[in-house]
Amino acid sequence: MIDYLKGIVTELDPTHAVIECGGVGYDCAISVFTYDKLKVGTEQKLWVAESIREDAHLLYGFISKQERLCYLLLVSVSGVGPNTARLILSSLAPDELVAIISSGNDRQLKNVKGIGGKTAQRIIVDLKDKIGSTGITAASTAESPILASNENADEAISALVALGYPQANASKAVAQLLSKDPSATVQALIKQALHML
């Protein structure tokens, strides 16, 4: 099994990176979280998880061991495949994911595009006991009282996450907007948040 790749980033987009190691270019599927930390032409180290199927041998690359560990835990859950796990890690940083699972907050998991209620609950049930042993410090889960008491906030955050913005950034932007105008409509929140993000 390949543990990591260390080489020059020769190609990069939000879903893939090509790392050249010893004259060989390795195509790795990556999360947006990893993409934000890579730059073409620089030497980088990507921790790798392999997915070997009958029709393909795929590599998934991660900027840290913690992100790879979260990925491996996610794909161990029935019904969560490599692409779904990568989508979750594109919306939530490892510390945010640990905090959400530890606190049993399935509502925030459901905000990730493509994650339904049953899958969110299954992830929490299957991983709640395991996630504490990862050594990843959980992010603060204290939800803003403004967000908790506003129905439009959930819809606006869900829409922003669906558009590809990280959950934490979307929540922060919406909370700032609601602190200025608590009666803002969903449409207004989305429109203004897009200018901030």
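Cut-offs applied
Residues numbered from 1 in each chain as written. Predicted model: local features only at pLDDT ≥ 70, side-chain atom pairs only at ≥ 80, totals over all residues. Heavy atoms only, no water. Buried < 20%, exposed > 50% of the residue type's maximum accessible area, 1.4 Å probe, protein only. Helix = DSSP H or I, 4+ residues; strand = E, 2+ residues; numbered from the N terminus. Contact = heavy atoms within 4.5 Å. 1 Å grid on protein atoms, 1.4 Å probe; cavity = no way out; pocket = protein on both sides within 12 Å on 5 of 7 lines; lining within 4 Å. Points joined across faces, edges and corners; volume = space filled by probe spheres on them.

Peer 1: So what exactly am I meant to see when it comes to helix α2 (residues 65-75) here?
Peer 2: If you check which residues of α2 are buried, you get E67, R68, C70, Y71, L73 and L74. Among the structural elements, α1 (32-35), β4 (43-52), β5 (57-62), α3 (82-91), α4 (94-103) and α6 (117-131) are those in contact with the buried residues of α2.

Peer 1: Help me understand the environment of G41 in this model?
Peer 2: Within the element layout of this structure, G41 appears in the loop between α1 and β4. In this structure G41 comes out as exposed when scored by relative accessible area, which is 53%. For the pair G41 and Q66, spaced 25 residues apart in sequence, the C-alpha separation works out to 24 Å. Residues in contact with G41, not counting those within four places in the same chain, are I8 and V9.

Peer 1: So what exactly am I meant to see when it comes to the layout of surface pockets here?
Peer 2: Unfilled space is identified by rolling a water-sized probe across the atoms. Its volume calculated, the second largest pocket comes out at about 200 Å³. Residue lining of the second largest pocket: 17 residues in total, with V32, L87, S90, S91 and G164 positioned closest to the centre. Taken together, the elements giving at least two residues each to the lining of the second largest pocket come down to α3 and α8 (151-162). Residue contributions to the lining of the second largest pocket peak at five residues, all from α3.

All quantities given are derived from atomic positions and should not be read as evidence of function.
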